[in-house]
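# Analysis of the macromolecular model
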Amino acid sequence: MMEKEELQARMETTEGFSIKLEQILPWQDGQYAEVFLGIRDYDEISAKMSEEVKNSLLYHLGTHIQKHLKGQEMVCHLKKDEFLLLLDNHVEAAPEKIGHIMIMFEAMIGDKYPDVPIKLYSGIYYLESRGYRPEEIFRISKTLKNKAKRYCTLENSIYENRKSAGNIIDKEAGILNRGNLTRLKGFMNRAAKGERLTVGFIGGSITQGFSATDPEKCYAARTFGWLKKVFPNTEFDYVNAGIGATDSQFGAARVQEDLLPRLPDLVFVEFSVNDHSTPHFCETYEGLVRQIYGSASAPAMVLIHNVYYDTGKSAAYYHAQIGRHYDLPCISMQNSIYPAVAAGRLPAEKITADFLHPNDLGHEFMASVITNFLEKVIHDKTQEPQEIFPAPLTENAYEHCVRLQYFNSTPEKSGFEEDMTPQRDITDIFRNGWSAGEKGAYLEFTFRGTGAAVQYRRVKDGPAPIATAVVDENLETACVLDGTFDETWGDKMQLTTVAEHLPYGEHRVHVEITETHAEDKAEFYLVSVIVSGVREEGNTK
C-alpha cells in the first residue's frame, strides 16, 4: 500500500486552490463496503462563494476521489454536498489492502476565500456481499449519513463514537451475518421458561482463555455469565472445548468426543485465527459446522470470527461463506474491534499483548460484541423462515472423520511404544499416542476413506527426531515431520495433511523416523492419525 507521504507527494494541486483533506478508513481482507462522504455546513460555505467556485469545489472533490482510489469502486455524486462510494476489496487484491485503505480527498477553494473552513464527515458500512439491491444501498447510505453527521468529530474522521474505548468499537458492524434465528430464538424462549440448558464453546487458545488473567475473564465465560444474568431462573451448564494452537481440522475430528456428548443447546465456534484463509480450511470448517448443526440436540449456533490486530488477517473470508451458506449468525471482531485499532483510535496494546490473544479488556470487548447481538435476538419479533439444511458448499471430506490413537487402532509398528498415561483433560494433548527415538522405527495404519493427516509433537527444547509420512507409498507427496519447534512459547501439536481427496477406498499411511541426532532431548511423539472422508461401512485400523 502507498505510504501517506508518497500519496501526498503524488497529488497535484490545481493552481489557485490549496486545501487538502484526508480520511483513513479501516479495512478488512476480502470485504465490500459502502462509504458515505459529506461536506459539513455546506450551505454556510456556499453562501460565501460564487457559483463557479462552488462547482469547482464539488468537481475537484469528486474527481480526486476517483483519481486516488485503487481497485474496483464506484463513486456516486448524490447531491450538492454528498458522495456515495462503493468499494470492492476483491479477494485477489486483498494482500495489498489488508489493514486500512487511505482515501485522500482534496477540496479546493480559490485564494480569495482563505478563511473558509472545509470539514468532511463520513461513515463506512461493511457489506456481506456484492449482491445488494440499489434500494438497499441507498437505505444504508441514509443511515450512514445520519450517524456520520451526528457522531463524527469536527475534525475529518470516519464515523465513530469516541466517548470511551468501549464505545469506539462498532458492535453493530460486528454482526457480519444475522442468519436464520429460529434455533437461537428457541434457545432464548426455553431459557425464559427456566429450562436447564447447556452452552458450549469450541475453538483455539482464545476460547480456552489464553492471556486472560482468570478463566472467568475470557470471552466465553463472560458470554456465559451474561446469559446467567439475563436469565437468573435458568440453570445453565458451561462446556469450554477450546484447545490452544489447534484448528478446525482438528475440531472436526474431536467435536464428537469433546463437545457433542454433552448435548449442547447453543454452540459458539471460534477458529478464524487458527485456520489459514484457504479453501482447505473452508472445507474443514464446514465439516465441523455440519457435525454440530446436524447433531442430536439440534443446537443453535453462532460463528465467531477473530482477527490478528497487527495485520487484520483472519480466515473470516472463507468462514463467513460457510456461515452464509447455512444461514448462521456470524459475529466479527475484524469488523467491530479491528477497525478502531487500524485507524489508531484504539491502541492494540490496550487489548492484546501479542496482537492476537485478547487480554482481560480484549476479552471484555469480544464478549460485548457477542452479547450485543444476543440482546437483539431476545427482542427480535421477526417471523423466521423455515430452516434449510443445504447440500455441502465444499467437497465436505471432514464431516466424517476418525481420529486414530493407541486405544482404538492396531497399526503395524516397530520401535514405537504406546503411551498409556491417563489424560488429565482435553487440553492435556500429548497423550494416547506412540513414541520412539530410533531411526527406522515406524507405524503403518490401514484405513478406508479419502484422506489422512498426522498429529505429532514439536518440542521447543530440542532437538528431536525427524520423521516422514507417506500415503500409499507415494513418495512425491511425502511429508517431513520435524519434531523440533522453532518457536519458544511451548511444545506444539502440529497437524499435517498428508493426503486429501483420494478416491474412496483402502489406503495406507506410513510414518517412519528418518533422522535422529546424538543430542536429541526428546523422542518423536505421534499423537494421532486423522482419517477424513470416512463412510459408515468403512473400517480403519
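These remarks concern the structure in this document. (Residues numbered from 1 in each chain as written. Predicted model: local features only at pLDDT ≥ 70, side-chain atom pairs only at ≥ 80, totals over all residues. Heavy atoms only, no water.)

## Section: the packing of helix α10 (residues 248–258) against helix α11 (residues 279–293)
The criterion, for reference: For helices, the fitted line uses only the C-alpha atoms of the stretch in contact; every axis is such a line through C-alpha atoms, and the angle between N-to-C directions lies from 0 to 180 degrees. The helix count covers DSSP runs of H or I at least four residues long, the strand count covers runs of E at least two residues long, and both are numbered beginning at the N terminus. Oblique is the label for any angle not under 35 degrees, not over 145, and not in the 65 to 115 range, which are roughly parallel, roughly antiparallel and roughly perpendicular in turn. The crossing is said to be left-handed when, going from far helix to near helix, the turn is anticlockwise and less than a right angle, and right-handed when the turn is clockwise. We call two residues in contact when some of their heavy atoms are within 4.5 Å.
Viewed as axis vectors pointing N to C, α10 and α11 meet at an angle of 20°, and their least axial separation amounts to 8 Å. Taken as axis vectors, α10 and α11 run roughly parallel relative to one another. Judged by the sense of rotation from one axis to the other, the crossing of α10 with α11 is left-handed. Here S248, Q249, G251, A252, V255 and Q256 of α10 lie close against α11, whose contacting residues are H280, F281, T284, Y285, G287, L288, Q291 and I292.

## Observations concerning the pattern of salt bridges
Heads up, the rule is: When a carboxyl oxygen of Asp or Glu lies within 4 Å of a side-chain nitrogen of Lys or Arg, that pair is called a salt bridge. Here the term buried applies to any residue with accessible area under 20% of the maximum for its type, exposed to any over 50%, and partly exposed to those in between, with areas from a 1.4 Å probe on protein chains only.
One pass over the full model with this rule turns up 20 salt bridges. Between K185 and E384 there is a salt bridge, with the nearest N and O atoms lying 2.8 Å from each other. In this pair, K185 sits in helix α7 (residues 182–192) while E384 sits in the loop between α15 (360–379) and β14 (401–404), placing the two residues 199 residues apart along the sequence. One exposure class covers both K185 and E384, and it is buried. If you follow the salt bridges from partner to partner, you end up with R178, K185, D380 and E384 in one network.

## Points about the sheet that holds strand β8 (residues 175–177)
Worth spelling out the cut-off: Any two strands between which DSSP finds at least two bridges are classified as paired.
Taken together, the six strands give an open sheet; going across it, the order is β8-β13-β12-β11-β9-β10, and neighbouring strands pair in mixed fashion. Among the strands making up the open sheet, the edge pair consists of β8 and β10 (236–242). Strand-to-strand twist of the sheet, defined as the mean angle between neighbouring strand axes without regard to direction, takes the value 20°. Pairing of strand β12 (residues 300–305) with strand β13 (residues 330–332), which is carried by three bridges, proceeds in the parallel orientation.

## Re the sheet that holds strand β15 (residues 412–414)
If you walk across this open sheet you meet the five strands as β15-β18-β23-β20-β21, and the pairing is antiparallel. The outermost strands of the open sheet, each flanked by one partner alone, are β15 and β21 (479–482). Across this sheet, the average inter-strand angle for adjacent strands is 20°, counted without regard to direction.

## Describing the nonpolar core
Note the following rule: Side-chain atoms within 4.5 Å link the members of a nonpolar core, which is a set of buried Ala, Val, Leu, Ile, Met, Phe, Trp, Tyr and Cys residues.
In this structure, L184, L227, M333 and I337 are the most contacted members of the largest nonpolar core, which totals 47 residues. Looking at this core, the elements with two or more residues in it are α7, β9 (197–203), α9 (219–230), β11 (266–270), β12, α14 (338–342) and α15. Top contributing element to this core by residue count: α15, with seven residues. In contact with M333, other than residues within four places in its own chain, are I304, H305, N306, V307, Y309, Y338, P339, M366, V369 and I370. Judged by nonpolar contacts, the second largest core, of 39 residues, contains V269, V289, Y318 and I530.

## Some words on α7
Since one α-helical turn is 3.6 residues long, residues separated by three or four positions face the same way. Every buried residue of α7 is listed here: R183, L184, K185, F187, M188 and A191. Looking one or two residues past α7, G194 carries a phi angle of roughly 90°, positive in sign.

## Considering unusual backbone geometry
Generally, phi is negative for residues other than glycine and the peptide bonds are trans, each holding for most cases. Geometrically, the link from G462 to P463 is a cis peptide bond, its omega value of 10° lying close to zero. By secondary structure assignment, the location of P463 is in the loop between β19 (451–458) and β20 (466–471). At A298, a residue that is not glycine, the phi angle is positive and equals roughly 45°. On the secondary structure map, A298 appears in the loop between α11 and β12. The phi dihedral of N396 falls on the positive side, at around 60°, and the residue is not glycine. Looking at the element boundaries, N396 is found in the loop between α15 and β14.

## Observations regarding the packing of α7 against α15
Which entries qualify depends on this criterion: Throughout, the ten residues Ala, Val, Leu, Ile, Met, Phe, Trp, Tyr, Cys and Pro are labelled nonpolar, Asp, Glu, Lys and Arg are labelled charged, and all others, Gly among them, are labelled polar.
Closest axis-to-axis distance for the α7/α15 pair is 9 Å, and the angle between their directions is 80°. Our classification of the angle between α7 and α15 gives roughly perpendicular. Contact with α7, carried on its side by L184, K185 and M188, involves F373, L374, V377 and I378 of α15 and no other residues of that element. Across the contact of α7 with α15, the residue classes tally to six nonpolar, no polar and one charged.

By themselves, these figures tell us nothing about what the structure is for.
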